[in-house]
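Secondary and tertiary structure notes
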Amino acid sequence: MDTGTHVVMGVALGGLATLDPVVNADPDLFNAVLIGTLIGSQAPDSDTILKLKNNAVYIRHHRGITHSIPAVVLWGISIPSMIYLFTPEVNFLHLWLWTFLAVILHVFVDVFNAYGTQAYRPITNRWVAYGFINTFDPYIFTLHIAGIVAWNLGADPGILWLIIYFVIALYYVKRYFDKRELIRLIHENIEKVEQIATSPTIKQNTWRIAITTPTHYYVGRAEDGHLTILDTFKNKPIDYEDPVVQKALTDPNIKAFLSFSPVYRYELNYYDEYTEVRFIDLRYRSRGRYPFVALAQIDDEHGDDLKILNSYTGWVFTEEKLQNKLSPM
C-alpha cells in the first residue's frame, strides 16, 4: 500500500489495541503501543532510502528483504525493544504483540497489490502479487480517515476499529471474487492463457490486464465486466545466443528490471553508434505508452569487444525524458 495508508493503519491499530485490557488500563503503555504501531506500520518500507542510490538498486530490493520473514521478526523485536528503553515501566509483552502485529499487517496488505513483495523469503524469492487491491485504495483510506475523525469525536476506539476492520475484511473478500470473475472472463475470450497479471485501478470496476499466451502478449482493460484488448505483441523469447543481448543482460539496470517484472517484451533498435536493447513492462499501460522500461545501449562497432555505453531502468512517460535520463557509465 502507499505510505499514507500505512500511516492511518498504524493509527488504527493503536486504537484497536484499546481492546487489550492491559493496554486500556495503562495510559503510558497505550502511548508506547501507539508509537510502536505507527513505526511498525512504516518500518518495512525503510528500503525506500535506496532511491538515493539509484533506480536499479531500489527496484531490485524495494519490498524485498525488508518484507521477508526474517525481517518481519527482526522489526517485531527491535522496534518495541527500542521503545522499551525509553519506557521501561510498561508491559513489554503487550507492547511487542501490538507492534509486531503492525509489522505483519504492513507486509500482509502489500501482497494484494500488483507490485507485490518478496514476503516468503527465504523460503522463495518469488514476488507475491495477488493483484486485486490498488496500491492506493480510496475506499480503504477513506474508511480509516472516517475512523480517525470518529475517534477524535469521542467514539470508543476499540469497538470502532473492530467494526471498520470487519468491513475492510469483507471488502477484501469482495475484491478477491471480483478478480476471480475477471480471470474467468479472460479465459472465456482468450485461448491457451499461460499467465495473467492484473492491476486494479482506483475505479472499482476497472482493471488493467496483461496476458501471456505461447504466441502473444495481450494488453487490455476490463471495465464493468467487458474485456477490451488494447495492444497485441508477439511472444518473442529472449535470444540468449545474441552477443549484444548477452552483454545487455549483464547490466545492473536490466537485471533489476528482469528480477521484478513478470510480463514484458523486448526489442532491439539499431543505430549508427550502438544497438539498443529495450525491455518494456506490459502491466502499466498509460495513455498508449508503457512507462516502466529498462534499456541498455551497446557499442558493437568493434567486433567482440562489446561495451555498455548507457543504461537506465525506471518510469518515463516520454521518449525525450528517457533520453535525458541516460548518462554515460
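Residues numbered from 1 in each chain as written. Predicted model: local features only at pLDDT ≥ 70, side-chain atom pairs only at ≥ 80, totals over all residues. Heavy atoms only, no water.

On to the sheet that holds strand E1 (residues 195-200). Taken in spatial order, the four strands line up as E1-E2-E3-E4 in an open sheet, and their pairing is antiparallel. Each of the sheet's edge strands pairs with one partner strand only, and the pair in question is E1 and strand E4 (226-234). Across the sheet, the mean angle separating the axes of adjacent strands is 20° when strand polarity is ignored. (Pairing = 2+ DSSP bridges. Helix = DSSP H or I, 4+ residues; strand = E, 2+ residues; numbered from the N terminus. Axes fitted to C-alpha atoms, helices over the stretch in contact; angles between N-to-C directions.)

With that out of the way, let us pick up a nonpolar patch on the surface. Taken together, the side chains of Leu19, Ile159, Leu162, Ile163, Phe166, Val167 and Leu170 define a hydrophobic patch exposed on the protein surface, amounting to about 660 Å² of accessible area. Tracing the sequence through the fold places isoleucine 163 in helix H8 (residues 157-189). (Patch = residues over 30% accessible without salt bridge, like charges linked within 9 Å, V, L, I, M, F, W, Y side chains within 5 Å. Areas by Shrake-Rupley, 256 points an atom, 1.4 Å probe, with all protein chains shown as cover. Salt bridge = Lys/Arg side-chain N within 4 Å of Asp/Glu carboxyl O.)

Under the definition given, this model contains nine salt bridges. Among the salt bridges present, the one from arginine 221 reaches glutamate 223, with a minimum N-O distance of 4.0 Å. The partner of aspartate 231 in a salt bridge is arginine 285, with the nearest N and O atoms 2.8 Å apart. Here the residue aspartate 231 occupies a position in strand E4, and arginine 285 occupies one in the loop between strand E6 (275-281) and strand E7 (292-299), the gap between them amounting to 54 residues. Residue classification places arginine 285 among the partly exposed positions, given a relative accessible area of 26%. Taken together, the salt bridges that share partners define one network made up of Lys174, Arg175 and Asp178. (Buried < 20%, exposed > 50% of the residue type's maximum accessible area, 1.4 Å probe, protein only.)

This paragraph deals with the packing of aromatic side chains. This model, assessed by the stated rule, comprises 26 aromatic pairs. Centroid distance phenylalanine 132 to tyrosine 176: 6.1 Å. Interplanar angle 70°. Geometry classified as edge-to-face. One end of the pair, phenylalanine 132, is in the loop between helix H6 (92-110) and helix H7 (138-152); the other, tyrosine 176, is in helix H8, with 44 residues separating them in the sequence. Classification of tyrosine 176 by relative accessible area gives partly exposed; the value is 38%. Within the aromatic cluster, the residues linked to one another by ring pairs are Tyr115, Trp127, Phe257, Phe260, Tyr264, Tyr266, Phe279, Tyr284, Phe292 and Trp315. For the cation-ring pair, arginine 265 lies above phenylalanine 233, with the distance from its terminal atom to the ring centre recorded as 4.2 Å. (Phe/Tyr/Trp six-rings, centres within 6.5 Å; stacked < 30°, edge-to-face > 60°. Lys NZ or Arg CZ within 6 Å of the ring centre and 35° of its normal.)

All right, on to the UniProt feature "transmembrane region" (unreviewed entry) in the protein then. UniProt tags residues 69-87, 93-115, 127-153 and 159-177 as "transmembrane region" (unreviewed entry). Each end of residues 93-115 is marked by a C-alpha atom, and these two atoms are 34 Å apart; helix forms 78% of the span and strand 0%. Annotated as 100% helix and 0% strand, the span residues 159-177 places its first and last C-alpha atoms 28 Å apart. (UniProt positions renumbered as here; feature names shortened; annotations may be inferred.)

Let us look at the side chain of threonine 87. Among the secondary structure elements, threonine 87 is positioned in the loop between helix H5 (69-86) and H6. Among the polar contacts listed, one links the side chain of threonine 87 to the backbone oxygen of isoleucine 83, at a separation of 3.0 Å. (Polar contact = N/O pair within 3.5 Å; in protein donor to acceptor, adjacent residues only side chain to side chain.)

Turning our eyes to something else, we now look at the domain arrangement of the protein. For the protein, the domain assignment lists domain 1 (3-174), domain 2 (193-234) and domain 3 (243-326). Put simply, the middle of domain 1 and the middle of domain 2, counted by C-alpha atoms, are 31 Å apart. Each side of the interface is counted separately: domain 1 has eleven residues, and domain 2 has seven residues. Between domain 1 and domain 2 we count zero salt bridges in total. (Domains from an automatic or database assignment. Contact = heavy atoms within 4.5 Å.)

What the four strands build is an open sheet, ordered E5-E6-E7-E8; its pairing is antiparallel. Lying at the two open borders of the sheet, with one neighbouring strand each, are strand E5 (264-270) and strand E8 (307-315). The average angle at which neighbouring strand axes cross in this sheet is 15°, direction not considered. The sheet contact formed by E7 and E8 spans eight bridges and is antiparallel. Residue pairing in the sheet places alanine 294 in a bridge with threonine 313 of E8. Set on the sheet, helix H10 (residues 252-260) makes contact with E5, E6, E7 and E8; between it and E7 the angle comes to about 145°.

Put simply, helix H3 (residues 27-40) and H6 touch, their axes get as near as 8 Å, and they point 20° apart. Taken together, the axis directions place H3 and H6 in an arrangement best described as roughly parallel. Read as a crossing pair, H3 and H6 show a hand that is right-handed. Listed contacts from H6 to Leu29, Ala32, Val33, Gly36, Thr37 and Gly40 of H3 are His94, Leu95, Trp98, Thr99, Ala102, Val103 and His106. Of the residues contributing to the contact of H3 with H6, the split by class is seven nonpolar, six polar and no charged. (Parallel < 35°, antiparallel > 145°, perpendicular 65-115°, else oblique. Left-handed = near helix turned anticlockwise from the far one by under 90°. Nonpolar A, V, L, I, M, F, W, Y, C, P; charged D, E, K, R; others polar.)

It is worth spelling out helix H1 (residues 3-16) at this point. Taking 1.5 Å of rise per residue, the 14 residues of H1 would be expected to cover 20 Å, and the 20 Å separating its terminal C-alpha atoms lies within 8% of that figure. Burial analysis of H1 places eleven of its 14 residues in the buried class, which makes it a mostly covered element. Considered for burial, the residues of H1 that qualify are Thr5, His6, Val8, Met9, Gly10, Val11, Ala12, Leu13, Gly14, Gly15 and Leu16. Check the buried side of H1 and you find it contacts H3, H6, H7 and H8. (Expected span 1.5 Å × (residues − 1).)

As paired elements, E5 and E6 share seven bridges and run antiparallel to each other. Residue pairing for E6: glutamate 267 is matched across the bridge by arginine 278. Taking the residues that link successive antiparallel strands as the turn, the E5-E6 hairpin has four residues.

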